[in-house]
Amino acid sequence: MASSSDVHVRICGQEIIKYDLEIKALVQDIRDCPGPQSTLMELNSQVKEKFNRLRLRIQDLEQMAREQDRETDRLAIQAETESQRRQMLSNQTAWRKANLACKLAIDNTEKNELLHGRENQTTRQSLQVSSGPEVPSCTALLVRRECAWTRIEPPEVRIELQPPREQGSN
């Protein structure tokens, strides 16, 4: 018949394995996360919670090893504890790498969105300016377009061209 200590050790080991698998699944989710940053932060908070639980269960297993009467049982549980600690460190490394990869992907996506927006803006400006000498109306069009992007009402734009001042008169 198994002692209650053996049962507690097995249950603790099963919980450690459960947390280990949950962490690996979350790390994979982070690796596959397309963004936004808020989603990444939510996944990271879940991983932190799982790591805290895992750490506590490993400490419990370590305590159970100290409480063992037989030397062979104590050494076996300590070996398992060290193995689980190494696995936890490996998971932490994988988590950091997944975070870096995800942040890099999110940054590149945002950068591409900005670049494509600027390329479109530059193309439109060059087409509008090259289409004629109506610079004031081109500026007004740009202001309206910028306001449409930010979803605000465009102000009425009036640009008056003034002749250049003579340098001799102040």
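For the structure itself, consult the block above.
A. Here's a closer look at the overall build of the protein. Within the protein, the secondary structure is distributed over four helices and zero strands. Beginning at the N terminus, the succession of helices and strands in the protein can be written as α-α-α-α. Buried residues in the protein amount to 24% of all 170 residues. Taking all contacts inside the protein whose residues are at least 6 apart in sequence as the whole, residues at least 24 apart take part in 64%.

B. Representation of the environment of R55 in the model. Along the chain, R55 falls in helix α2 (residues 37-66). R55 sits 33 residues away from M88 along the chain, and the two C-alpha atoms are 8.1 Å apart. Ignoring any residue separated from it by four or fewer positions in sequence, one finds R55 in contact with M88 and Q92.

C. Up close: the nonpolar core. In terms of nonpolar packing, the biggest core is built from 24 residues, with I30, F51 and L54 touching the most fellow members. Of all elements in the fold, only α1 (4-32), α2 and α3 (71-130) reach the threshold of two or more residues within this core. In terms of residue count, α2 provides more of this core than any other element does, nine residues in total.

D. Looking closely at the packing of aromatic side chains. Using the criterion set out here, one finds one aromatic pair in the structure. Consider the rings of F51 and W95, whose centres lie 5.4 Å apart with planes at 35 degrees: the pair is tilted. Here W95 lies in helix α3 and F51 lies in helix α2, a separation of 44 residues in the sequence. Grouping residues by exposure puts F51 and W95 together as buried.

E. Focus on the pattern of salt bridges. Applying the stated criterion across every chain yields a total of 10 salt bridges. Across the pair R85 and E62 runs a salt bridge whose closest N-O atoms are separated by 3.0 Å. Of this pair, R85 sits in helix α3 while E62 sits in helix α2, and the two are 23 residues apart along the sequence. Residue class for R85 comes out partly exposed when judged on its relative accessible area of 23%. We classify E62 as partly exposed; its relative accessible area is 25%. For R70, the salt bridge identified is with D73, shortest N-O distance 2.9 Å.

F. Quick look at the side chain of K50. Structurally, the position occupied by K50 is in helix α2. By relative accessible area, which is 17% here, K50 ends up buried. Side chain to side chain, K50 and E22 meet in a polar contact 2.9 Å long. When near neighbours in sequence (up to four residues on either side) are disregarded, K50 contacts Y19, E22, I23 and L26.

G. Spotlight on the side chain of D20. Looking at the secondary structure, you find D20 in helix α1. According to the relative accessible area criterion, D20 is buried, its value standing at 9%. In this structure, D20 is in contact with Q87 and N91, ignoring residues within four places of it in sequence.

H. Highlighting the state of the cysteines. Scanning all chains against the criterion turns up zero disulfides. Of all cysteine sulfurs in the structure, the one in C102 sits closest to C33, which takes part in no disulfide; the separation is 4.0 Å. Under the relative-accessibility criterion, C102 is labelled buried at 1%.

What counts and what doesn't
Residues numbered from 1 in each chain as written. Predicted model: local features only at pLDDT ≥ 70, side-chain atom pairs only at ≥ 80, totals over all residues. Heavy atoms only, no water. Helix = DSSP H or I, 4+ residues; strand = E, 2+ residues; numbered from the N terminus. Buried < 20%, exposed > 50% of the residue type's maximum accessible area, 1.4 Å probe, protein only. Contact = heavy atoms within 4.5 Å. Core = buried A, V, L, I, M, F, W, Y, C linked by side-chain atoms within 4.5 Å. Phe/Tyr/Trp six-rings, centres within 6.5 Å; stacked < 30°, edge-to-face > 60°. Salt bridge = Lys/Arg side-chain N within 4 Å of Asp/Glu carboxyl O. Polar contact = N/O pair within 3.5 Å; in protein donor to acceptor, adjacent residues only side chain to side chain. Disulfide = S-S within 2.5 Å.

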